[in-house]
Amino acid sequence: MPAIETLDLTKDYSAGFIRKRPLRALDGVNLRVNTGEVFGLLGPNGAGKSTTLKLLLRLIFPSAGTARVLGRELDDVAMHARLGYLPENPYFYDHLTAREFLNYAGELFRLPCAERRRRVDQLLVRLGLEASADLPLRKFSKGMVQRLGIAQALVNDPELIFLDEPMSGLDPLGRREVRDLILQLKAEGKTVFFSTHILSDAEVLCDRVAILNRGKLQGCGELREILSLGVSATEVVLENPPAGLLEEVRKLTRPAVKTGDRVRIEIPEEADVAPVLEAILRRGGKVVSVSPVKISLEDYFLEQVRMGPEKPPAEQGVARVDKEGER
Ligand code: ADP
């Protein structure tokens, strides 16, 4: 049984202030997420990622299409007690402490008192918040709030966890911690469905991904398979290239870029890599690295935007992918 299955899932919002017009945020999306996998929903801002999560959590309702979660209809209340959810940019009452807030979250799931205390203590340790457990949340940094958000998403020991941009706003250490936590959850047999616009996070974490753009599914499968279509060149980095070498290979390469004593050249056609390397070795050049230049997620989104529906709705921002998400 798949953990999530959507059938032509569609959502229209009403956009505009005075002259209302429909805005199709999600357009006939068919997805299948297997139990126990880490699944990434990728897409630029405005692609429809949060809308998908909110529909599956029944925070909003589809305009057309259906979905099943943990094999149940979306209106099955008992099924929702088996889910966890971290919203994008969570906000919590900042006069509460982390311990009070997690206790409150546990009460919403009607966890018995002793079990609630045990789980709250466990989660405070697991998310590295035990030292700050009794501080009011207004003293928390963005990273601590995000970790608390993840802790509340786990308070009911859910089978399926939805995380909306869980790495957003975190420093590299915080992102690493969240990545490790997601992998631990997978090792425990949980299913994790998370949205991101950062390729490197998806690359290290996801068994499979779906790529959304302007509400439409552009591809679904292993990230490697989807993006390997785009190996666009081979990059060779040299140290102190011998005189005459760059002139010799110029016809086969793009213009060289010099940084300090290193020179980077790009060979556009795969077939031409061997003659370039042969020339480098013959002239006694020192090769630092040879690597395929793959299409970045940013390139992919931009290409999809170019090939996408004729005219984007005015409200929709065109791809903005953080530089950190490249390659
Ligand atoms: P993402 O999470 O990929 O950034 P969203 O699902 O938040 O994208 O939004 C998809 C589109 O729907 C965007 O164009 C956004 O402006 C629009 N949208 C989202 N929520 C609403 C809403 N409540 N009312 C009107 N339009 C909305």
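The preceding data block contains the structure.
Residues numbered from 1 in each chain as written. Predicted model: local features only at pLDDT ≥ 70, side-chain atom pairs only at ≥ 80, totals over all residues. Heavy atoms only, no water.

Participant: What's the story with the pattern of salt bridges in this structure? I'm lost.
Facilitator: Scanning all chains against the criterion turns up 27 salt bridges. A salt bridge links Arg264 to Glu266, with the shortest nitrogen-to-oxygen separation between them at 2.5 Å. Members of the salt-bridge network, linked through shared partners, are Asp12, Arg24, Asp27 and Lys216. (Salt bridge = Lys/Arg side-chain N within 4 Å of Asp/Glu carboxyl O.)

Participant: I keep staring at the pairing of strand β4 (residues 64-69) and nothing clicks. Help me out?
Facilitator: The two faces of a sheet get side chains in turn, since along a regular strand they alternate between them. The pairing of strand β1 (residues 4-15) with β4 spans 5 bridges and is antiparallel. Bridging from a neighbouring strand, Glu5 pairs with Arg68 of β4. When β4 meets strand β5 (residues 72-73), the two strands line up antiparallel, connected through 2 bridges. Its bridge partner being in β5, Val69 is matched across the sheet by Arg72. Taking the residues that link successive antiparallel strands as the turn, the β4-β5 hairpin has 2 residues, and the phi of Leu70 there is positive, at about 50°. (Pairing = 2+ DSSP bridges. Helix = DSSP H or I, 4+ residues; strand = E, 2+ residues; numbered from the N terminus.)

Participant: Got a minute to help me understand the packing of helix α3 (residues 98-108) against helix α4 (residues 113-126) in this structure?
Facilitator: When two helices pack together, their arrangement is given by the angle between their axes and by how far apart the axes lie. At a minimum axis separation of 10 Å, α3 and α4 run at an interaxial angle of 130°. By the angle between their directions, the pair α3 and α4 is classed as oblique. Crossing of α3 against α4: the hand is right-handed. Residues Ala98, Arg99, Leu102, Asn103, Gly106 and Glu107 of α3 lie in contact with α4, whose contacting residues are Arg116, Val120, Asp121 and Leu124. Class assignment for the residues of the contact of α3 with α4 results in 4 nonpolar, 2 polar and 4 charged. (Axes fitted to C-alpha atoms, helices over the stretch in contact; angles between N-to-C directions. Parallel < 35°, antiparallel > 145°, perpendicular 65-115°, else oblique. Left-handed = near helix turned anticlockwise from the far one by under 90°. Contact = heavy atoms within 4.5 Å. Nonpolar A, V, L, I, M, F, W, Y, C, P; charged D, E, K, R; others polar.)

Participant: When you look at the packing of aromatic side chains in this model, what are you seeing that I'm missing?
Facilitator: Centre-to-centre distance and the angle between the planes together describe a pair of aromatic rings. Inspection of every chain in the model, using the stated rule, returns 3 aromatic pairs. With a centroid separation of 5.6 Å and an interplanar angle of 10°, the aromatic rings of Phe39 and Phe193 are classed as stacked. One end of the pair, Phe39, is in strand β3 (residues 38-42); the other, Phe193, is in strand β8 (residues 191-196), with 154 residues separating them in the sequence. Phe193 sits in the buried class, given a relative accessible area of 0%. For the ring pair Phe162 and Phe193, a centre distance of 5.6 Å and an interplane angle of 65° mean the geometry is edge-to-face. (Phe/Tyr/Trp six-rings, centres within 6.5 Å; stacked < 30°, edge-to-face > 60°. Buried < 20%, exposed > 50% of the residue type's maximum accessible area, 1.4 Å probe, protein only.)

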